[in-house]
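Each chain, letter by letter, is given below.
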Amino acid sequence: MKVKTILVSQPEPTMENSPYLRLIEKEKVKVDFRPFIHVEGVDAKSVRQQKIDLKNYSAIILTSRNSVDHFFRIAEEMRFKVPDTMKYFCQSEAVAFYLQKYVVYRKRKIYVGKRNFSELLHLFKKYKEESFLLPSSDVLKPSIPETLNDLGINWNRGIFYKTVISDLSDLRNVYYDVLVFFSPSGIESLLKNFPDFEQKDTRIAVFGNSTVLAATNASLRIDIKAPTPETPSMTMALQKYITSVNKK
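Residues numbered from 1 in each chain as written. Predicted model: local features only at pLDDT ≥ 70, side-chain atom pairs only at ≥ 80, totals over all residues. Heavy atoms only, no water.

Chemist: How do you make sense of the sheet that holds strand 6 (residues 109-112) when you look at a structure like this?
Modeler: The pairing of strands in a sheet comes from backbone hydrogen bonds and takes either a parallel or an antiparallel form. Strand order in this open sheet of 6 strands is 3-8-7-4-5-6, and the pairing throughout is mixed. The sheet is open, and its two borders are formed by strand 3 (37-41) and strand 6, each paired with just one other strand. Between one strand axis and the next, the sheet turns by 25° as a mean value, whatever way the strands run. Here 4 bridges tie strand 5 (residues 87-90) to strand 6, and the two strands are oriented parallel to one another. Bridge pairing links lysine 87 to lysine 109 in strand 6. The strands touched by helix 6 (residues 143-151) within the sheet are strand 4 (59-62), strand 7 (131-137) and strand 8 (154-165), with strand 8 carrying the most contacts at an inclination of about 175°. Against the sheet, helix 7 (residues 184-193) touches strand 3 and strand 8, its axis set at about 35° to strand 8. (Pairing = 2+ DSSP bridges. Helix = DSSP H or I, 4+ residues; strand = E, 2+ residues; numbered from the N terminus. Axes fitted to C-alpha atoms, helices over the stretch in contact; angles between N-to-C directions. Contact = heavy atoms within 4.5 Å.)

Chemist: So what exactly am I meant to see when it comes to helix 7 here?
Modeler: For helix 7, the complete set of buried residues consists of Ser185, Gly186, Ile187, Ser189, Leu190 and Asn193. Those residues of helix 7 that are buried are in contact with strand 3, strand 8, strand 9 (178-181) and helix 8 (209-217). (Buried < 20%, exposed > 50% of the residue type's maximum accessible area, 1.4 Å probe, protein only.)

Chemist: I'm lost on the sheet that holds strand 10 (residues 203-207) in this one. Help?
Modeler: Spatially, the 5 strands line up as an open sheet ordered 2-1-9-10-11, and their pairing is parallel. Each of the sheet's edge strands pairs with one partner strand only, and the pair in question is strand 2 (30-33) and strand 11 (222-226). For this sheet, the mean inter-axis angle between neighbouring strands, taken without regard to orientation, is 20°. The pairing of strand 1 (residues 5-8) with strand 9 spans 3 bridges and is parallel. Within strand 9, the position partnered with leucine 7 by the bridge is leucine 179. Helix-sheet contacts for helix 9 (residues 234-246) involve strand 1, strand 9, strand 10 and strand 11, and the interaxial angle to strand 11 is about 140°.

In structure tokens:
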């Protein structure tokens, strides 16, 4: 069956040159965006109950834009003035760039990985004397705390925000040719919102091994996978699949 409509389970990209725009123009498909999950911040009281005192940390580990937003939100709620000497270890350049929303970039000690958390390891080893705080969601890849524990550094995790399933009830009678997922939480949201979901001719596209596993465990048929050596991005994987099925 040809692909005419796609639902991406994420917020709509804000950048003008989004690869989804190129996909829409080239393949003449309709692409909608709808977050299947969203983030809600916890309050300062909840952070204190985790025995987190911000003044005890000299370095912050930031894995996402959400971690940046909620660290500074909690700091403000706690009336904690983040010192100029604070070190920031950012998982990617995108996270480091986003940090400029809160700090004057050139005046701060900011250390950046390329994309993956493992690329920060040599930096953690170099600054082992620091006291690290990892502000995170209640959902965290197990590999991150395992890696930090193995390094033997002084670190603590603080749950500063939570991943919450969005209400999708208005989509009950809306059908798409392809549903696109980027996390196990997205799969969980689909099943929580629509426990009677039947896949039938709907194609499922998944990004990442953990999402593949979640879809498989949910007995969903996976039609499109990324990243692969041939299609490192989701839009590339969608492009390849659409080109294949729509030309028939």
